[in-house]
Amino acid sequence: MQRTLLKSKLHRVHVTAAELEYEGSCAIDESLLEAADIREYEQIQIYNVSNGERFTTYAIRGERGSGMISVNGAAAHKAAVGDVLIIATYAVYNEIELARYQPRLVYVDEQNRIKRIGSEIPAQAA
């Protein structure tokens, strides 16, 4: 059996640009792409926390260390500068791969700088 599960997530990133006349895609700071294990041209799901829009596009590399999250092309109608987004990728896993499954979850601050990479819920002190 194969299952589709969350592969990676950029949690609560802030839109820094919305370029309607661009051909398409979402430009993401290269540091964030690496942290979340998202490849350039990989399909991404975008969930706009600010307005409820949900859409699919692909990632392209933005300037490293810039904090860039630029929603481009037709998708620019679905997000505005300052909106808060969740950017997710999914993958298909077989039962053997699920034994060591661990999604890459990246949490950022208001400037899209990485605060933490890890699980959804911080581990409780023992």
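Definitions and limits used
All residue numbers refer to positions counted from 1 along the written sequence of the respective chain. Residue-level local features of this predicted model are given only where pLDDT is at least 70; pairs of side-chain atoms are given and counted only at 80 or more, and the full residue set underlies all totals for whole chains, interfaces and linings. Values reported for side chains reflect all heavy atoms of the structure, with hydrogen atoms and water molecules removed beforehand. Put simply, buried Ala, Val, Leu, Ile, Met, Phe, Trp, Tyr and Cys residues joined by side-chain atoms within 4.5 Å make one nonpolar core. Throughout this description, buried means an accessible area under 20% of the type-specific maximum (1.4 Å probe, protein chains only), exposed means over 50%, and partly exposed covers the range between. Each helix corresponds to a stretch of at least 4 residues labelled H or I by DSSP, and each strand to a stretch of at least 2 residues labelled E; elements are numbered beginning at the N terminus. Residues are treated as being in contact if the distance between any of their heavy atoms lies within 4.5 Å. A pair of strands counts as paired when DSSP detects no fewer than two bridges linking them. Between the rings of Phe, Tyr and Trp (Trp by its six-membered ring), a pair exists once the centres lie within 6.5 Å; its type follows the angle of the planes, with under 30 degrees stacked, over 60 edge-to-face, and the other angles tilted. Either the NZ atom of lysine or the CZ atom of arginine qualifies as a charge over a ring when it sits within 6 Å of the ring centre and within 35 degrees of the ring normal. UniProt positions are given in the numbering used here, feature names are shortened, and annotations may be inferred rather than shown by experiment. We call two N or O atoms a polar contact when they sit within 3.5 Å, provided that within protein one can donate a hydrogen and the other can accept it, with sequence-adjacent residues counted only if both atoms are side-chain atoms.

### Considerations on the nonpolar core
Where a protein is soluble and globular, its nonpolar side chains tend to be buried together.
Here is step 1: Leu10, Ile28, Leu85 and Ile87 are the most contacted members of the largest nonpolar core, which totals 22 residues.
Here is step 2: Put simply, the parts of the chain that give this core at least two residues each are β1 (2-14), β3 (26-29), α1 (30-36), β4 (43-48), β5 (54-62), β6 (69-72), β7 (84-94) and β8 (104-108).
Here is step 3: Counting residues per element, this core draws most heavily on α1, which supplies four residues.
Here is step 4: When sequence neighbours within four positions are dropped, the list of residues in contact with Ile87 reads Ser8, Lys9, Leu10, Val13, Cys26, Ile28, Ile44, Gln45, Ile46 and Ile69.
Here is step 5: Membership of the second largest hydrophobic core comes to six residues, among which are Leu6, Tyr47, Ala88 and Leu105.

### Focus on the pairing of β1
Here is step 1: Inspection of the sheet shows β1 paired to β7 by eleven bridges, in the antiparallel sense. Directly across from Leu5, in β7, lies its bridge partner Ala91.

### Regarding the packing of aromatic side chains
Here is step 1: The final tally for this structure, using the stated rule, is two aromatic pairs.
Here is step 2: Pairing Tyr93 with Tyr101 gives two aromatic rings, centres 5.1 Å apart and planes at 70°, and the pair type is edge-to-face.
Here is step 3: Here Tyr93 falls in the buried class, since its relative accessible area comes to 14%.
Here is step 4: Here the guanidinium or amino end of Arg116 rests over the ring plane of Tyr107, the centre of that ring lying 4.2 Å away.

### Some words on the UniProt feature "modified residue: Pyruvic acid (Ser)" (unreviewed entry) in the protein
Here is step 1: Per the UniProt annotation, the sites labelled "modified residue: Pyruvic acid (Ser)" (unreviewed entry) are Ser25.
Here is step 2: Ser25 gets classed as buried once you look at its relative accessible area, which sits at 2%.
Here is step 3: If near-sequence neighbours (up to four positions away) are discounted, Ser25 is found in contact with Thr57, Tyr58, Ile60, Ser70, Val71 and Asn72.

### Describing the side chain of Asn72
Here is step 1: By the element assignment, Asn72 lies in strand β6.
Here is step 2: Beyond its immediate stretch of four places on either side in the chain, Asn72 contacts Glu19, Tyr22, Gly24, Ser25, Cys26, Ala27 and Ile60.

### Some details on the side chain of Asp83
Here is step 1: Looking at where Asp83 falls in the secondary structure, it is placed in the loop between β6 and β7.
Here is step 2: In this structure the side chain of Asp83 is engaged in a polar contact, spanning 2.9 Å, whose partner is the side chain of Asn48.
Here is step 3: Excluding its chain neighbours within four sequence positions, the residues that come into contact with Asp83 are Val13, His14, Val15, Asn48, Ser50, Asn51 and Lys78.

### Quick look at unusual backbone geometry
Here is step 1: Its identity is not glycine, yet Asp37 carries a phi of approximately 55°, on the positive side.
Here is step 2: Mapped onto the secondary structure, Asp37 falls in the loop between α1 and β4.
Here is step 3: In this structure, Tyr41 takes a positive phi of about 75° despite not being glycine.
Here is step 4: Within the fold, Tyr41 resides in the loop between α1 and β4.

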